[in-house]
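# Summary of structural features
These are the residues of each chain, in order.
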Amino acid sequence: MNEPRTIPLRPRDRLYAAVTRVLVVIVSAALAVGGWLVYTGAQDQPPRLSNSTPASISSAWPWALPWPSTGQAAVEVAGKADSLSVYGEQRPVPIASVTKVMTALVILRDHPLGRNAAGPSIQVDWQAAVESGNRDESTVPITAGQVFTERQLLELMLIPSGNNAARLLARWDAGSEQAFARKMNAAAAKLGMTNTTYTGASGYEPTTVSTAVDQLKLARQAMKSPVLRDIVATATTAVPGIAGEIVNGNALLGLPGVVGIKTGTSTAAGGALLWAVRATSGGRDRLVLGVVLRQGDPDDTLEEKKEAAFVASRKLIEAALRYLNSERTPAS
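Residues numbered from 1 in each chain as written. Predicted model: local features only at pLDDT ≥ 70, side-chain atom pairs only at ≥ 80, totals over all residues. Heavy atoms only, no water.

Looking now at helix H2 (residues 100-110). Extensive coverage of H2 is indicated by the burial of 9 of its 11 residues. All buried positions along H2 are accounted for by Lys100, Val101, Met102, Thr103, Ala104, Leu105, Val106, Ile107 and Leu108. (Buried < 20%, exposed > 50% of the residue type's maximum accessible area, 1.4 Å probe, protein only. Helix = DSSP H or I, 4+ residues; strand = E, 2+ residues; numbered from the N terminus.)

Inspection of the entire model under this criterion finds 12 salt bridges. Note that Asp110 is salt-bridged to Lys183, the shortest N-O span being 2.9 Å. One end of the pair, Asp110, is in helix H2; the other, Lys183, is in helix H6 (residues 177-190), and 73 residues separate them in sequence. The partner of Asp125 in a salt bridge is Arg171, with the nearest N and O atoms 2.9 Å apart. Taken as a pair, Asp125 in the loop between strand S5 (121-123) and helix H3 (126-131) and Arg171 in helix H5 (residues 163-174) lie far apart in primary sequence, 46 residues in all. Since its relative accessible area comes to 12%, Arg171 is described here as buried. One salt-bridge network, held together by shared partners, links Arg109, Asp110, Asp173 and Lys183. (Salt bridge = Lys/Arg side-chain N within 4 Å of Asp/Glu carboxyl O.)

Any link to function would need more than the numbers given here.
Next up, the structure:
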């Protein structure tokens, strides 16, 4: 399961979803033969992460960071040498929808957008429409034949975390999700993400794995993209063709200085959050990047695991802001 939350459907979309859920049972075998994947089954859990002794704190941090009690984490000040601090065994673990950050980077690399550009139009295919009815994952209510721009689909993927939007973008870019995953892995290799494997565009699969240190490498690159920065910092938006207000799943965007980046929650991954924060005072602009993975206890609900990631990240963000503000305050 991957952040199972769906934007409310309009009446005609509810009827469409009900019909297509019946159809998908009939045609799923045929789709599999053609290389299409319909995500409706339960997923296995990997073994629980066994933490090693927390890594030493870099001298760049004047006090010990408030690390979470489980999982793994990493924090650094972007552009500041020797500021990387790491907690937990850096063993590859599922990362759920945090995966979508790499999906967005590959899409924007292959189809660059100006900061305010909408980009090319993309038609919703039958598979993406069918997947709108999947109740065991996070989807957006789109119907076959609808047309969205590249930017709109990036918003639908990153803000409400639409898995079907992610897979639609992957097929549009590479012809199949499998081919797109190969592009994601090649991009990860170029960034030095040696402990990362992508097997899909959405993060729904528990076989997509990474580490906190690798995800910080991704965050550095992600925050260089003006379009991606704008989208992940958006708390709410509206997309023509989608009913109602679209709310960002990252509840930390309301905190001072928080500018993204992406949440992820699943049974296999627990709670995950890749975040970025800027100091809100002083004349010097500093950015802190952080990530927490595998948050929450095994018996927690998905909401409890997501909340555990928020709690752990909030403590790290507050410590980071204290540090950034202390840099701005001259010694008395």
